[in-house]
Amino acid sequence: MTSALNDIEPADIHLLTGMLDTMTDHVFLLRIEAGRYRLVYCNQAMERFMNQSDTLLCGLFLDDIVSDSVLYGKIAGNYQRAIAAGHVICYEESTEGFDSAPVTIFETSVSPLRGRDGSSVYICGISRDITARRDAETALQKTNEKLAQQLAENHRLHEKLHEEAMRDPLTNLFNRRYFLESLSRELNRAQREQHSVTLMMLDIDYFKSLNDEYGHAVGDQVLIEFSQRLLEGMRKADVVCRWGGEEFLIMMPGLSQEDAYKRMIQWREANSPMVFRVADQSVSIRFSSGLATAPENGASSDELINATDRALYLAKAAGRDQVQLFG
Ligand SMILES: Nc1nc2c(ncn2[C@@H]2O[C@H](COP(=O)(O)OP(=O)(O)OP(=O)(O)O)[C@@H](O)[C@H]2O)c(=O)[nH]1
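In this report, we go over the structure that sits alongside the text. These figures come from a predicted structure and were not determined experimentally. (Residues numbered from 1 in each chain as written. Predicted model: local features only at pLDDT ≥ 70, side-chain atom pairs only at ≥ 80, totals over all residues. Heavy atoms only, no water.)

A general tendency of soluble globular proteins is for nonpolar side chains to be buried together. Formed by 28 residues in total, the largest nonpolar core has its most connected members in L202, V222, F226 and L230. Mapped onto this core, the elements with two or more residues apiece are strand 6 (197-204), helix 8 (207-214), helix 9 (216-233), strand 8 (247-253), helix 10 (257-271), strand 9 (274-278), strand 10 (281-285) and strand 11 (287-294). Per-element tally for this core: the top contributor is helix 9, with five residues. In this structure, L202 is in contact with F226, L230, E246, E247, F248, I250, M264, W267, F287, S288 and S289, ignoring residues within four places of it in sequence. Counting residues in hydrophobic clusters, the runner-up holds 25 residues, among them C42, Y91, V110 and I123. (Core = buried A, V, L, I, M, F, W, Y, C linked by side-chain atoms within 4.5 Å. Buried < 20%, exposed > 50% of the residue type's maximum accessible area, 1.4 Å probe, protein only. Helix = DSSP H or I, 4+ residues; strand = E, 2+ residues; numbered from the N terminus. Contact = heavy atoms within 4.5 Å.)

Right, here's the structure in full:
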């Protein structure tokens, strides 16, 4: 490299500057004079960018070219860092504050050099305009953020749909489909772990008359409030479902028939008759229920549900407002 340069006559220095003028990067050389930076060389790309009036930049001090003190402080600070380090340093800089050109982001490397006399210090630099790259990166980041938001929203909608697919829209209790899936799972587990699963079916007595007397909207409200009371009265592990119409089915994993019966009797004492305040009217309901337990009353979902239904039928047939066991 050095020997190649030795082959160039001082009179042919224009070969080097001509070469530097073909570059789109800015190339510059500053000499430190009494703490100020005098521009001793810059290529055409930099001249065009910096010099909006037609005066030549070379020979001017940096503080004459960059009048904004904040921007000047940043530039000079980087030069000081390079001098302190004694080698090339790289950084990004913005021209914000330099009025005569649009705000541009540069990737700059500067290195401290010594002159032939050994005492004068120069700063030699190359700056590459990376504004378009930065803009593209920012646009890409925004697109990615938007995509991430859309993904999160899709996920939320998916969860919502999934949740809705297992709920009864009126009461928000689990629906029949979800109940059957849970029951089948629970019966398998109960068989493996040798514990009981008790089902209870509840049916509001004379609900048709309630609808006839107060209207369907009041009937709906009663179903909603009855569901809420049911939920409040059950354990966390119990699965409460609206089986259909005014019929509810509850799965109580791990509860024997005897324990479930005791719990139901207690719950009935506190909740029957159940009185609601709906549309400024006091509405009172009673309900019948039937209990059946796996494995003794049925090992499969169908058998167990039929047994529970049968127990409920017995409660209705015996005059309603009571709980009956299967068998
Ligand atoms: N308001 C309202 N009524 C419903 C809904 N689903 C079913 N019903 C009504 O519930 C009533 C059920 O009537 P039945 O099966 O004769 O039962 P019941 O009148 O409760 O008589 P028993 O069960 O024998 O005591 C019908 O009138 C249905 O229209 C609902 O979502 N909202």
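A word on the sheet that holds strand 6. Strands in a sheet are paired, the pairing made by backbone hydrogen bonds, and the direction either parallel or antiparallel. With mixed pairing, the five strands of this open sheet are ordered in space as 7-8-6-11-12. Since the sheet does not close on itself, it has two edges, and those belong to strand 7 (239-244) and strand 12 (323-325), each with one partner. Going from strand to strand, the sheet's axes swing by 20° on average, the running direction of each strand aside. On the sheet, helix 9 packs against strand 6, strand 7, strand 8 and strand 11 and is oriented at approximately 10° with respect to strand 8. Together, strand 6, strand 7, strand 8, strand 11 and strand 12 form the strand contacts of helix 11 (residues 301-317), whose direction differs from that of strand 11 by roughly 145°. (Pairing = 2+ DSSP bridges. Axes fitted to C-alpha atoms, helices over the stretch in contact; angles between N-to-C directions.)

On to the side chain of N271, then. With respect to the element layout, N271 can be found in helix 10. Of the residues examined, N271 reaches a relative accessible area of 12% and is grouped as buried. In this structure the side chain of N271 is engaged in a polar contact, spanning 2.9 Å, whose partner is the backbone oxygen of W267. Once you skip the residues sitting within four places of it in the chain, N271 turns out to touch R229 and F287. (Polar contact = N/O pair within 3.5 Å; in protein donor to acceptor, adjacent residues only side chain to side chain.)

A word on the site of the ligand. Not every one of the 16 residues close to the ligand is listed here, only the nearest: F207, K208, N211, D220 and R242. Between a nitrogen atom of the ligand and a side-chain N or O atom of D220, the distance comes to 2.7 Å. At a separation of 2.9 Å, an oxygen atom of the ligand approaches a polar side-chain atom of R320. In the complex, 67% of the free accessible area of the ligand, which totals 660 Å², lies under the protein chains. Contributions of two or more residues to the shell around the ligand are made by strand 6, helix 8 and helix 9. The element contributing the most residues to the shell around the ligand is helix 9, with four residues. By residue class, the composition of the shell around the ligand is four nonpolar, four polar and eight charged. (Near = heavy atom within 4 Å. Areas by Shrake-Rupley, 256 points an atom, 1.4 Å probe, with all protein chains shown as cover. Nonpolar A, V, L, I, M, F, W, Y, C, P; charged D, E, K, R; others polar.)

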